[in-house]
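Commentary on secondary and tertiary structure
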Amino acid sequence: MNKIYKSVLSAGAAIAILGASITPVLVNAWGDSSNGRPSYTIAEVNSGKIDDIITFNSISDGKIGNEKNFVGAKDASTNADTWNANTIDVKDGGTYTIRLYVHNNNPFGTEKIAKDVKATFSVPTTVSNSQTIVGYLDSSNATPNRYWDEVTLKMSDNFYIEYVKGSAKYTNAKMGTVSLPNELITSGATLGYDKLDGNIPGCFGYDGVVTMDVKVHKSVAAKVAKQVRIKGTKTWSESVEAKVGDEVEYQIEYVNLLSETVNNVMIRDVLPTNVEYVKDSTYLYNSNYQSGTLLADNTLTTTGINIGSYDAKGNAYVRFTGKVVDNSLACGNNQLVNWAQATVSSSTAKDMVYKDDASVMVAKDDESCDVDPTPTPTPTPTPEPTPTTIVATGPETIVTGTIGAGSVVTALGYYIASRKKLM
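Residues numbered from 1 in each chain as written. Predicted model: local features only at pLDDT ≥ 70, side-chain atom pairs only at ≥ 80, totals over all residues. Heavy atoms only, no water.

When helices and strands are tallied, the chain shows 2 helices and 22 strands. For the chain, with 423 residues in total, the buried portion stands at 50%. At a minimum sequence separation of 6, the contacts of the chain that also span at least 24 residues come to 73%. Summing over all exposed atoms, the chain offers an accessible surface of approximately 18100 Å²; the carbon and sulfur share of this is 49%. (Helix = DSSP H or I, 4+ residues; strand = E, 2+ residues; numbered from the N terminus. Buried < 20%, exposed > 50% of the residue type's maximum accessible area, 1.4 Å probe, protein only. Contact = heavy atoms within 4.5 Å. Areas by Shrake-Rupley, 256 points an atom, 1.4 Å probe, with all protein chains shown as cover.)

So, in structure tokens, the structure goes:
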């Protein structure tokens, strides 16, 4: 591309997601590693003011208005191309798309390619009625090298944010929309123009947008997530297909979302009919037991187990094995729903119970079903466990005292660190 920006409306191929109505920038909402980069109008760029410098998101009258305000949010359920660039009111259970605009402002196109371009989102993992997501943009040969901006999600009640795994995308005129790795919210994701190689030429025709989705959950002190897999496999999911005689592994993830330490966290699992607990199969994984420790009292599915104390953002995994049996399977398809629950008590959370479930799907079609050649599929879900306090009768010596700050897996690192150790 030559040195002249024709205009915002005619420059380059349009990206639909970019045409956005944006509110004015908030003071100190954006920043960079140069402590305040200059702004340029399109006319100033055309007159040569940028010269040979490679810089990002510094045009004041660009496609999104002031490019320094390059992070925004909107309700993911709407097709409207209107972004809230500073704050957005959110609702419990709602999903919201977060956007990060990417524009190498140098007008010399492929003569001035930005190198090692990477985007990162910092997603808070604690509980509050106001959550600020910060987007970062990095390039090794740009001036400055790092840029950031933020958007704040607000609700009258306390809530926490969950990144929707697999939702990270990059959109530009050359590649269309391509997937980015989940590392976008940890170590960052490499961008590009015709491929994700970190290289982005200058001018509007080469700009793009990073997006991801987050889900809002109201008023919680803990995260509990339940998953299942066939024993011997590596992939965890919300549901698996199995047959009678198969052994399945269940995993319960617990994360302390409070800003304070919680003690004597109780975990209990409610098995469905037709799944039997396999004795001596319960293991606890946390920062004290990164390779796992066997819990030999076998009370996980009865009175529950005490998994100890956790600092803010501390986490643990409990795993155990169940065996699929036929005590009362119906002919056809059976859904065996398994519930896990955590009971948390602290100065701000008194005996609060948090739950999640996973399912094993079992098809029955044997000789006993021949009397009715067209049986009606009958799900057999287990009722949700009653949210009553669990007496802390589990092994209290599993974790002694509060896990030190140096040993607790941190907010952005707990998912990757724990999953790598547990795979």
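This paragraph deals with the pattern of salt bridges. Under the counting rule described, the total for this entry stands at 10 salt bridges. In this structure, Glu253 engages Lys223 in a salt bridge whose closest nitrogen and oxygen atoms are separated by 3.7 Å. Of this pair, Glu253 sits in strand β14 (residues 247-256) while Lys223 is found in strand β12 (residues 222-230), placing the two residues 30 residues apart along the sequence. The pair Glu253 / Lys223 is uniform in exposure class, with both members buried. (Salt bridge = Lys/Arg side-chain N within 4 Å of Asp/Glu carboxyl O.)

A few words on the nonpolar core. Membership of the largest hydrophobic core comes to 50 residues, with the highest contact counts inside it found for Ile98, Phe121, Leu153, Leu191, Val210 and Met212. Elements supplying a minimum of two residues to this core: α1 (42-46), β2 (71-75), β4 (95-102), β5 (118-122), β6 (128-138), β7 (146-163) and β11 (208-218). Examining the composition of this core, we find that 7 residues originate from one element, β7, more than from any other. Setting aside chain neighbours within four positions, we find Met212 in contact with Tyr96, Thr97, Ile98, Phe121, Val123, Ile133, Tyr163, Ser167, Ala168, Leu184 and Ile185. Counting 36 residues, the second-largest nonpolar core is a separate cluster that includes Ala222, Val262, Val344 and Tyr354. (Core = buried A, V, L, I, M, F, W, Y, C linked by side-chain atoms within 4.5 Å.)

For the rest of this paragraph, the subject is the environment of Asn333. As for its position among the elements, Asn333 is in strand β21 (residues 332-344). Put simply, Asn333 and Lys364 are 31 residues apart on the chain and 6.4 Å apart in space, counted from C-alpha to C-alpha.

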